[in-house]
Amino acid sequence: MIIRNPADLQNAVRTLRKQRGLTQTEAAQLIGHSRKWLSSLETGATQPPVDMVINLLVLLGAPIHLDMPGEAARPERNDKTTSDLLDIDEGL
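Residues numbered from 1 in each chain as written. Predicted model: local features only at pLDDT ≥ 70, side-chain atom pairs only at ≥ 80, totals over all residues. Heavy atoms only, no water.

Peer 1: What is the right way to read the overall build of the chain from this model?
Peer 2: Helices and strands together make up the secondary structure of the chain, namely 5 helices and 3 strands. Overall, the chain shows an N-to-C arrangement of helices and strands of β-α-α-α-α-β-α-β. Once local pairs closer than 6 in sequence are excluded, the contacts in the chain between residues at least 24 apart make up 50%. (Helix = DSSP H or I, 4+ residues; strand = E, 2+ residues; numbered from the N terminus. Contact = heavy atoms within 4.5 Å.)

This is how it looks when you write it as C-alpha cells:
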C-alpha cells in the first residue's frame, strides 16, 4: 500500500483497522483518542499531526518504509513482509 496523499492515508487506516477486526472505538483507544477523532481521520474531516498517524499505523501493525528523495529504489522482493509495507511518499 503506497500512501501519496491524505485520501490514501484515510483508506490505509480504515483498511488496517478493519483487517484487525477493530471498531473505530477500539482502534482510537489504542492511541488514547475518541471514536469521533478516528472517524474524522478516516473520512478526511481532519488531518492530525504526522506523529499521531504514524503511532496509529504502528499500533495497527503496519510495517512502514519511508523512501527519501535521492535514494536508489529499493529492490522488489516477493516476500509477504515487503509487499505489505506501507510506503509513505514524500508529498505528505
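Peer 1: What should I look at first to understand helix α3 (residues 35–43) in this one?
Peer 2: The periodicity of an α-helix, 3.6 residues per turn, causes residues three or four positions apart to be oriented the same way. Burial in α3 covers these residues: Trp37, Leu38, Ser39, Leu41 and Glu42. Check the buried side of α3 and you find it contacts α1 (6–19), α2 (24–30) and α4 (50–59). (Buried < 20%, exposed > 50% of the residue type's maximum accessible area, 1.4 Å probe, protein only.)

Peer 1: What exactly am I supposed to notice about α1 here?
Peer 2: The terminal C-alpha atoms of α1, which comprises 14 residues, lie 20 Å apart, in line with the 20 Å expected from a rise of 1.5 Å per residue. Within α1, the full set of buried residues consists of Leu9, Gln10, Ala12, Val13, Leu16 and Arg17. Angularly, the buried residues of α1 cover 165° about the axis, an arc narrow enough to put them on a single face. Relative to its buried face, α1 has exposed residues pointing more than 90 degrees away, namely Lys18 and Gln19. Two or three places before alanine 7, at the start of α1, stands the capping residue asparagine 5, its side-chain oxygen 3.1 Å from that residue's backbone nitrogen. (Expected span 1.5 Å × (residues − 1). Arc of directions from axis to C-beta. Polar contact = N/O pair within 3.5 Å; in protein donor to acceptor, adjacent residues only side chain to side chain.)

Peer 1: Sorry, what's going on with the packing of α1 against α3 here?
Peer 2: For the pair α1 and α3, the least separation of the axes is 7 Å and the interaxial angle reads 125°. Taken together, α1 and α3 sit at an angle that is classed as oblique. In this structure, α1 contributes Gln10, Val13, Arg14 and Arg17 to the contact, and α3 contributes Leu38, Leu41, Glu42 and Thr43. Looking at side-chain class alone, the contact of α1 with α3 contains 3 nonpolar, 2 polar and 3 charged residues. (Axes fitted to C-alpha atoms, helices over the stretch in contact; angles between N-to-C directions. Parallel < 35°, antiparallel > 145°, perpendicular 65-115°, else oblique. Nonpolar A, V, L, I, M, F, W, Y, C, P; charged D, E, K, R; others polar.)

Peer 1: Just to check I follow, could you spell out a nonpolar patch on the surface for this structure?
Peer 2: Where nonpolar side chains cluster on the molecular surface, the patch consists of Val50, Ile54, Val58 and Ile64 and spans about 310 Å² of accessible area. With 3 residues, the single largest contributor to the nonpolar patch is α4. On the secondary structure map, isoleucine 64 appears in strand β2 (residues 64–66). (Patch = residues over 30% accessible without salt bridge, like charges linked within 9 Å, V, L, I, M, F, W, Y side chains within 5 Å. Areas by Shrake-Rupley, 256 points an atom, 1.4 Å probe, with all protein chains shown as cover. Salt bridge = Lys/Arg side-chain N within 4 Å of Asp/Glu carboxyl O.)

Peer 1: So what exactly am I meant to see when it comes to the environment of valine 13 here?
Peer 2: Note that valine 13 resides in helix α1. Sequence-wise, valine 13 and alanine 62 are 49 residues apart; in three dimensions their C-alpha atoms are separated by 9.4 Å. In contact with valine 13, not counting residues within four places along its chain, are Leu38, Leu41, Glu42, Leu56, Leu57 and Leu60.

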